[in-house]
Amino acid sequence: MAVAVTAQEILAHPRFAEARAAHVSAVVELFKADPLAMRMMADAGIIILRGFIVGFHFAFDPEDRNTWATPGNVRRILVERGLASPRRVDDLLARFRQAGYLEAALAPDDRRVTILVPTARVIAHDRHHLAAYHRFLLDLFPGRGYEWALDQDERTHRLIRLSGLRDLPRALSVLGHDAIRLFLGRDAGYLALLLVIQASLSDAEHLTWTSMSNDLSVARSHLRTLFSEAERAGYVRLRTGHGGPVEILPPLWTAYDQFLAEIEADQDTIAQATFARS
């Protein structure tokens, strides 16, 4: 098994800035191309639950009830790990079902038990999203198995999600960043941040409150409220006139870079363990 790279090694890589810009653009294009993809990245709860449900789906064993994605099992595991309250889990599951992200199947030996099954589109979106993170690692560290992300091999996606399910605390360790949680906790907040980052990295001046509102299907007032809070916290400066509506300040750049590096380091740890077993 290859030794996992660290967040510090990722941040110090001479091509980090280039890979970061490519990664942000890849994730932005992923959600812009598909309204389902945008809704599947609305906030941290949905992102976590999507990957969790997909991992459960791949782990399903008819002989082992612990692998069944029943509402009770999903609720118990997320609540035990402090990732959501019971009410929050129930709310997210209801949103998934109403949006058609999940289908209900009867348990093989107990027709009173319902198992939640992600739709093919949700599984595909999860694969596309994971591949965006692994393309970042491929750019910086070729030869470590991330070529799968180019053709998005379904078998590799399945194996990695199974590993992530086994090591859920590591997979979610990056949620401790206060600056990023400010955006992850709001409807379309993380995507709004990525739009601002993308515009800042490309020196684009086309970004406006209206364009962000249209891209994210949220009200301009919602975005203004979010970034006003970020301004009060010292993360951004709101602007008028040319150059876009939001300027990212150094503390948020530092927080995002550290956040991305830790995500990628955790992804590398999980992936290298997967590759070593397969």
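Overview of the structure. (Residues numbered from 1 in each chain as written. Predicted model: local features only at pLDDT ≥ 70, side-chain atom pairs only at ≥ 80, totals over all residues. Heavy atoms only, no water.)

1. Some points on the overall build of the protein chain
Here comes step 1: In terms of helices and strands, the protein chain carries 15 helices and 4 strands.
Here comes step 2: Split into buried and exposed, the 278 residues of the protein chain put 52% on the buried side.
Here comes step 3: The contacts in the protein chain between residues at least 6 apart in sequence include a share of 67% that link residues at least 24 apart.
Here comes step 4: Counting only carbon and sulfur atoms, one obtains 50% of the accessible surface of the protein chain, whose full area is about 12,800 Å². (Helix = DSSP H or I, 4+ residues; strand = E, 2+ residues; numbered from the N terminus. Buried < 20%, exposed > 50% of the residue type's maximum accessible area, 1.4 Å probe, protein only. Contact = heavy atoms within 4.5 Å. Areas by Shrake-Rupley, 256 points an atom, 1.4 Å probe, with all protein chains shown as cover.)

2. Section: the nonpolar core
Here comes step 1: Membership of the largest hydrophobic core comes to 61 residues, with the highest contact counts inside it found for Ile10 and Phe227.
Here comes step 2: The element best represented in this core is helix H15 (residues 250–277), accounting for 10 residues.
Here comes step 3: Excluding residues that lie within four positions of it along the chain, Ile10 makes contacts with Val5, Phe16, Phe136, Leu137, Leu140, Phe141, Ala261, Glu264 and Ala265.
Here comes step 4: Counting 28 residues, the second largest nonpolar core, distinct from the first, contains Ala69, Val74, Leu78 and Tyr101. (Core = buried A, V, L, I, M, F, W, Y, C linked by side-chain atoms within 4.5 Å.)

3. Thoughts on the side chain of Thr119
Here comes step 1: Tracing the backbone shows Thr119 in the loop between strand S2 (114–118) and helix H7 (120–140).
Here comes step 2: The class of Thr119 is buried, set by a relative accessible area of 12%.
Here comes step 3: Setting aside chain neighbours within four positions, we find Thr119 in contact with Gly100, Tyr101, Leu102 and Glu103.

4. Let's talk about the pairing of S2
Every other side chain in a regular strand lies on the same face of the sheet, so the side chains alternate between the two faces.
Here comes step 1: Across the 5 residues that make up S2, a large majority, 4, are buried.
Here comes step 2: One ladder, built from 5 bridges, connects strand S1 (residues 102–106) with S2; its direction is antiparallel. Across the sheet, Leu106 pairs through a bridge with Thr114, a residue of S2. (Pairing = 2+ DSSP bridges.)

5. Thoughts on the pattern of salt bridges
Here comes step 1: A full pass over the atoms with the stated rule returns 9 salt bridges.
Here comes step 2: With its nearest N and O atoms 2.6 Å apart, the salt bridge here joins Asp178 to Arg181. You can see Asp178 and its partner Arg181 sitting in helix H11 (residues 178–184), 3 residues apart, about one turn around the helix.
Here comes step 3: A residue is classified by how much of its surface remains accessible, and Asp178, at 51% relative accessible area, is exposed.
Here comes step 4: Because the salt bridges share partners, they merge into one network encompassing Arg50, Asp126 and Arg161. (Salt bridge = Lys/Arg side-chain N within 4 Å of Asp/Glu carboxyl O.)

6. Observations regarding the packing of helix H2 (residues 16–32) against H15
Here comes step 1: Interaxial distance between H2 and H15 falls to 12 Å at its minimum, and their mutual angle equals 85 degrees. Of the possible angle classes, the one that applies to H2 and H15 is roughly perpendicular. Contacts between H2 and H15 involve Phe16, Arg20, His23 and Val24 from the former and Trp253, Tyr256, Asp257, Leu260 and Glu264 from the latter. (Axes fitted to C-alpha atoms, helices over the stretch in contact; angles between N-to-C directions. Parallel < 35°, antiparallel > 145°, perpendicular 65-115°, else oblique.)

7. Quick look at helix H12 (residues 189–202)
The α-helix winds at 3.6 residues per turn, so residues separated by three or four positions along the chain end up facing the same way.
Here comes step 1: Given a rise of 1.5 Å per residue, 14 residues ought to cover 20 Å, and the 20 Å separating the end C-alpha atoms of H12 matches this to within 8%.
Here comes step 2: Burial analysis of H12 places 11 of its 14 residues in the buried class, which makes it a mostly covered element.
Here comes step 3: For H12, every residue scored as buried is listed here: Gly189, Tyr190, Leu191, Ala192, Leu193, Leu194, Leu195, Val196, Ile197, Gln198 and Ala199.
Here comes step 4: Residue Asp203 follows H12 closely and has a positive phi angle near 55 degrees. (Expected span 1.5 Å × (residues − 1).)

Note that all results are geometric; they support no functional claim without further evidence.
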